[in-house]
Amino acid sequence: MTTFVIRRLLQMIPILLGATMLIFLVIKMAPGDPFSGMIDPRMDPRKIEELRQRYCLNCPLPEQYWSWLKLTLQGDLGTSIRFKTPVHEMILQRLGPTVALGVSAEVLVFAIGIPIGILASTRQNSWLDGLTTIIAFAGISIPAFFFGLLLLKWFALDGLKLFPSSGFMTPGAKLSGAKLYLDVAHHLVLPALALGITGVAGLMRYVRSAMLEVLRQDYVRTARAKGLAEKVVVYRHALRNALIPVVTILGLDLPTLVGGAIITESIFIWPGIGRLLYTSLLERDYPVLMALNLMFAFLTMVGSLLADIGYALVDPRIRYD
């Protein structure tokens, strides 16, 4: 296992390098630059040109990429062109709200999706199985942004008005301790529901399909023939071998925990990394875009590695030696 992990970590280096090159080219292919939307007809064009020269925007692309790469290897993610703030500070400021939202949504997904998927598989072709199938397809079909807007209308604006419509905490409130956490949790309910509903629906279907396949295996029939209780057969013998799809989803969801959700964070005005990415994209803020996409690429590879390790933990037949 140790050799496998070391080999995978070494493989990340050229993959990350290639990913940053591709991301850099895609960003540069977009029309305009950070100063395109800031041009004032009354401003001297020489001033704009001076700003472009200062940030090396007129340099050849290889030179621009090499300049960014050297700073990054030194641990410097650069400074935001739009906000004149170090990029790492901007990311750290928004990391807490994004992780809180991502973790809450994932807890919701796994706490609901796995039990319902197991229940549907053990009641195959029953009315309960049919009902969960309809709910799952509805959840997958409804876009997250539309569901978020419905939640805002029903529970924050025109309906029950049980939850706040935006923000991470109550503006101007001087809270601390338990009251602060409760206030954040109150603001977190609707965004977490909007972000998690699609994941719940998808995980329900994955778990149901995996469990149905495992429950037909010979060793499960043997366990039942020995007189073991159905709960023991399902949860001790079948569930562990059906967790491969769950481990895959959990590993690939790692970038979402830190990367946030652009649409959900925009709808609920959530001060997270998703909104930062959206704002930076509109502003053509190259240092922020490169840093965020580098982080997402790294987390995707780490999530894939953790998923591979998880396969060996849940299924003893899998070995990487």
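Here, the structure is the one placed above.
Residues numbered from 1 in each chain as written. Predicted model: local features only at pLDDT ≥ 70, side-chain atom pairs only at ≥ 80, totals over all residues. Heavy atoms only, no water.

Draft legend 1. How the structure looks around the environment of I197. Mapped onto the secondary structure, I197 falls in helix α7 (residues 178-215). The class for I197 is partly exposed, based on a relative accessible area of 28%. (Helix = DSSP H or I, 4+ residues; strand = E, 2+ residues; numbered from the N terminus. Buried < 20%, exposed > 50% of the residue type's maximum accessible area, 1.4 Å probe, protein only.)

Draft legend 2. Spatial organisation of a nonpolar patch on the surface. Residues I142, F145, F146, L149, I262, I263, Y278 and L282 make up a contiguous nonpolar surface patch of about 710 Å² in total accessible area. Every element with two or more residues in the nonpolar patch is listed here: α6 (144-157), α12 (262-267) and α13 (273-283). Looking at the nonpolar patch, the element that brings in the most residues is α6, giving three residues. By the element assignment, L149 lies in helix α6. The partly exposed category is assigned to L149, whose relative accessible area is 43%. (Patch = residues over 30% accessible without salt bridge, like charges linked within 9 Å, V, L, I, M, F, W, Y side chains within 5 Å. Areas by Shrake-Rupley, 256 points an atom, 1.4 Å probe, with all protein chains shown as cover. Salt bridge = Lys/Arg side-chain N within 4 Å of Asp/Glu carboxyl O.)

Draft legend 3. Layout of the packing of aromatic side chains. Applying the stated criterion across every chain yields a total of three aromatic pairs. With a centroid separation of 6.0 Å and 35° between ring planes, the pair formed by Y65 and W68 is classed as tilted. Note that Y65 and W68 are positioned in helix α3 (residues 61-73) at a spacing of three residues, about one turn of the helix. On the basis of relative accessibility, which here comes to 11%, the residue W68 falls in the buried class. Ring plane angle 85° and centroid distance 5.2 Å describe the contact between F168 and W270, whose orientation is recorded as edge-to-face. Highlighted residues: F168 in the loop between α6 and α7 and W270 in the loop between α12 and α13, separated in sequence by 102 residues. Taken individually, F168 and W270 each receive the classification buried, so the pair is uniform in this respect. Three or more aromatic residues joined by ring pairs form one cluster here, namely F24, Y65 and W68. The aromatic ring of F83 is capped on one face by R82, whose charged end is 5.5 Å from the ring centroid. (Phe/Tyr/Trp six-rings, centres within 6.5 Å; stacked < 30°, edge-to-face > 60°. Lys NZ or Arg CZ within 6 Å of the ring centre and 35° of its normal.)

Draft legend 4. Structural context of the packing of α7 against helix α10 (residues 244-252). For the pair α7 and α10, the least separation of the axes is 8 Å and the interaxial angle reads 150°. The angle between α7 and α10 places the two elements in the roughly antiparallel class. Across the interface between the two elements, L203, Y206, V207 and A210 of α7 pack against P245, V246 and I249 of α10. For the contact of α7 with α10, the residue count by class is seven nonpolar, no polar and no charged. (Axes fitted to C-alpha atoms, helices over the stretch in contact; angles between N-to-C directions. Parallel < 35°, antiparallel > 145°, perpendicular 65-115°, else oblique. Contact = heavy atoms within 4.5 Å. Nonpolar A, V, L, I, M, F, W, Y, C, P; charged D, E, K, R; others polar.)

Draft legend 5. Spotlight on the side chain of T85. On the secondary structure map, T85 appears in the loop between α3 and α4 (87-122). Side-chain polar atoms of T85 contact the backbone oxygen of F83, separated by 3.0 Å. Setting aside its immediate chain neighbours within four residues, T85 contacts T79, S80 and M90. (Polar contact = N/O pair within 3.5 Å; in protein donor to acceptor, adjacent residues only side chain to side chain.)

Draft legend 6. Region of the structure containing the pattern of salt bridges. Within the structure shown, the criterion is met by five salt bridges. Of the charged contacts in the structure, one is a salt bridge between R208 and D129, with a shortest N-O distance of 2.7 Å. Taken together, the residues R208 in helix α7 and D129 in helix α5 (residues 127-141) connect sequence positions 79 residues apart. Here the two residues R208 and D129 agree in accessibility, since each one is buried.

Draft legend 7. Structural view of helix α9 (residues 230-241). End to end, α9 covers 16 Å across 12 residues, agreeing with the expected 16 Å (1.5 Å per residue, within 8%). For α9, every residue scored as buried is listed here: V233, V234, A238 and L239. The buried residues of α9 occupy an angular sector of 135° when the element is viewed end-on, so they sit on one face. On its buried side, α9 packs onto α4, α7 and α8 (218-225). (Expected span 1.5 Å × (residues − 1). Arc of directions from axis to C-beta.)

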